[in-house]
Amino acid sequence: MASADSRRVADGGGAGGTFQPYLDTLRQELQQTDPTLLSVVVAVLAVLLTLVFWKLIRSRRSSQRAVLLVGLCDSGKTLLFVRLLTGLYRDT
(Lines give C-alpha, C1' and ligand atoms only; values in the text may rest on other atoms or scores of the structure.)
Protein backbone atom coordinates (compact mmCIF):
# COMPACT_ATOMS: atom_id res chain seq x y z
CA MET A 1 0.00 0.00 0.00
CA ALA A 2 2.75 2.44 0.94
CA SER A 3 4.74 1.55 -2.19
CA ALA A 4 1.72 2.28 -4.43
CA ASP A 5 1.23 5.69 -2.77
CA SER A 6 4.92 6.56 -3.12
CA ARG A 7 4.86 5.47 -6.77
CA ARG A 8 1.78 7.68 -7.40
CA VAL A 9 3.52 10.68 -5.83
CA ALA A 10 6.72 9.97 -7.77
CA ASP A 11 5.02 9.90 -11.19
CA GLY A 12 3.02 13.09 -10.61
CA GLY A 13 -0.20 11.82 -9.05
CA GLY A 14 -3.33 10.29 -10.51
CA ALA A 15 -4.85 12.74 -13.00
CA GLY A 16 -1.68 14.84 -13.24
CA GLY A 17 0.18 11.90 -14.77
CA THR A 18 -2.04 11.94 -17.85
CA PHE A 19 -1.07 15.54 -18.58
CA GLN A 20 2.63 14.96 -18.00
CA PRO A 21 3.59 14.52 -21.70
CA TYR A 22 1.79 17.76 -22.56
CA LEU A 23 3.50 19.60 -19.72
CA ASP A 24 6.90 18.28 -20.81
CA THR A 25 6.27 19.40 -24.38
CA LEU A 26 5.17 22.85 -23.19
CA ARG A 27 8.24 23.14 -20.97
CA GLN A 28 10.54 22.26 -23.89
CA GLU A 29 8.84 24.79 -26.18
CA LEU A 30 9.19 27.54 -23.59
CA GLN A 31 12.87 26.74 -23.09
CA GLN A 32 13.56 26.87 -26.84
CA THR A 33 11.82 30.20 -27.51
CA ASP A 34 13.40 33.60 -26.97
CA PRO A 35 12.57 34.90 -23.46
CA THR A 36 12.31 38.47 -24.78
CA LEU A 37 9.55 37.50 -27.18
CA LEU A 38 7.69 35.66 -24.43
CA SER A 39 7.91 38.65 -22.08
CA VAL A 40 6.62 41.00 -24.80
CA VAL A 41 3.67 38.68 -25.48
CA VAL A 42 2.84 38.49 -21.78
CA ALA A 43 3.06 42.29 -21.44
CA VAL A 44 0.76 42.84 -24.43
CA LEU A 45 -1.75 40.35 -23.05
CA ALA A 46 -1.68 42.08 -19.66
CA VAL A 47 -2.34 45.47 -21.27
CA LEU A 48 -5.19 44.07 -23.37
CA LEU A 49 -6.82 42.41 -20.36
CA THR A 50 -6.50 45.65 -18.38
CA LEU A 51 -8.18 47.60 -21.18
CA VAL A 52 -11.02 45.09 -21.41
CA PHE A 53 -11.64 45.20 -17.66
CA TRP A 54 -11.45 49.01 -17.68
CA LYS A 55 -14.05 49.17 -20.46
CA LEU A 56 -16.36 46.78 -18.57
CA ILE A 57 -16.07 48.78 -15.37
CA ARG A 58 -16.65 52.11 -17.12
CA SER A 59 -19.74 50.80 -18.96
CA ARG A 60 -21.40 49.59 -15.74
CA ARG A 61 -21.37 52.99 -14.06
CA SER A 62 -24.68 54.75 -13.73
CA SER A 63 -25.19 58.15 -15.28
CA GLN A 64 -25.91 59.71 -11.88
CA ARG A 65 -23.06 61.16 -9.91
CA ALA A 66 -23.01 61.32 -6.16
CA VAL A 67 -20.94 63.36 -3.75
CA LEU A 68 -20.53 62.55 -0.08
CA LEU A 69 -19.90 65.54 2.16
CA VAL A 70 -18.20 64.52 5.38
CA GLY A 71 -16.56 66.51 8.12
CA LEU A 72 -16.66 67.58 11.72
CA CYS A 73 -19.73 69.10 13.36
CA ASP A 74 -20.28 72.77 12.50
CA SER A 75 -17.68 72.68 9.72
CA GLY A 76 -19.99 74.03 7.01
CA LYS A 77 -21.29 70.93 5.27
CA THR A 78 -24.90 72.15 5.18
CA LEU A 79 -23.89 75.62 4.01
CA LEU A 80 -21.81 74.13 1.21
CA PHE A 81 -24.67 71.82 0.23
CA VAL A 82 -27.18 74.70 0.06
CA ARG A 83 -24.73 76.86 -1.92
CA LEU A 84 -24.12 74.06 -4.41
CA LEU A 85 -27.85 73.50 -4.93
CA THR A 86 -29.13 77.07 -5.02
CA GLY A 87 -26.05 79.30 -5.38
CA LEU A 88 -27.38 81.48 -2.55
CA TYR A 89 -26.10 82.07 0.97
CA ARG A 90 -28.51 80.99 3.69
CA ASP A 91 -28.10 80.92 7.42
CA THR A 92 -28.21 77.38 8.74
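No experiment lies behind these values; they were computed from the predicted model shown.

Asks: Before we move on, can you summarise the overall build of the protein with the specific residues and values?
Replies: Check the secondary structure of the protein and you find four helices and zero strands. Ordered by position from the N terminus, the helices and strands of the protein form the series α-α-α-α. The proportion of buried residues among the 92 residues of the protein is 2%. Surface summary for the protein: the accessible area is close to 8900 Å², and the carbon and sulfur share equals 64%.

Asks: Quick one: what's the story with a nonpolar patch on the surface, residue by residue and with numbers?
Replies: The grouping of Leu37, Val40, Val41, Val44, Leu45, Val47, Leu48 and Leu51 at the surface amounts to a nonpolar patch, some 710 Å² of accessible area in total. Summarising the element assignment, leucine 51 is placed in helix α3 (residues 35–60).

Asks: Explain the UniProt feature "transmembrane region" (unreviewed entry) in the protein to me, and be specific about the residues and the numbers.
Replies: UniProt's feature table lists "transmembrane region" (unreviewed entry) at residues 36–54, given in the numbering used throughout. Structurally, residues 36–54 is divided into 100% helix and 0% strand, and its ends, taken at the C-alpha atoms, are 27 Å apart.

Asks: Can you explain unusual backbone geometry? Please cite residues and give values.
Replies: Look at aspartate 74: it is not a glycine, yet its phi comes out positive at around 55 degrees. As for its position among the elements, aspartate 74 is in the loop between α3 and α4 (77–86).

Asks: Describe the pattern of salt bridges, with residues and values.
Replies: This structure, assessed with the given rule, holds one salt bridge. A salt bridge links aspartate 24 to arginine 27; the nearest nitrogen and oxygen atoms lie 3.1 Å apart. Of this pair, aspartate 24 and arginine 27 both sit in helix α2 (residues 20–32), three residues apart, which is roughly one turn of that helix. Judged by relative accessible area, aspartate 24 falls into the partly exposed class, the value being 29%. We classify arginine 27 as partly exposed; its relative accessible area is 45%.

Rules used throughout
- Residues numbered from 1 in each chain as written.
- Predicted model: local features only at pLDDT ≥ 70, side-chain atom pairs only at ≥ 80, totals over all residues.
- Heavy atoms only, no water.
- Helix = DSSP H or I, 4+ residues; strand = E, 2+ residues; numbered from the N terminus.
- Buried < 20%, exposed > 50% of the residue type's maximum accessible area, 1.4 Å probe, protein only.
- Areas by Shrake-Rupley, 256 points an atom, 1.4 Å probe, with all protein chains shown as cover.
- Patch = residues over 30% accessible without salt bridge, like charges linked within 9 Å, V, L, I, M, F, W, Y side chains within 5 Å.
- Salt bridge = Lys/Arg side-chain N within 4 Å of Asp/Glu carboxyl O.
- UniProt positions renumbered as here; feature names shortened; annotations may be inferred.

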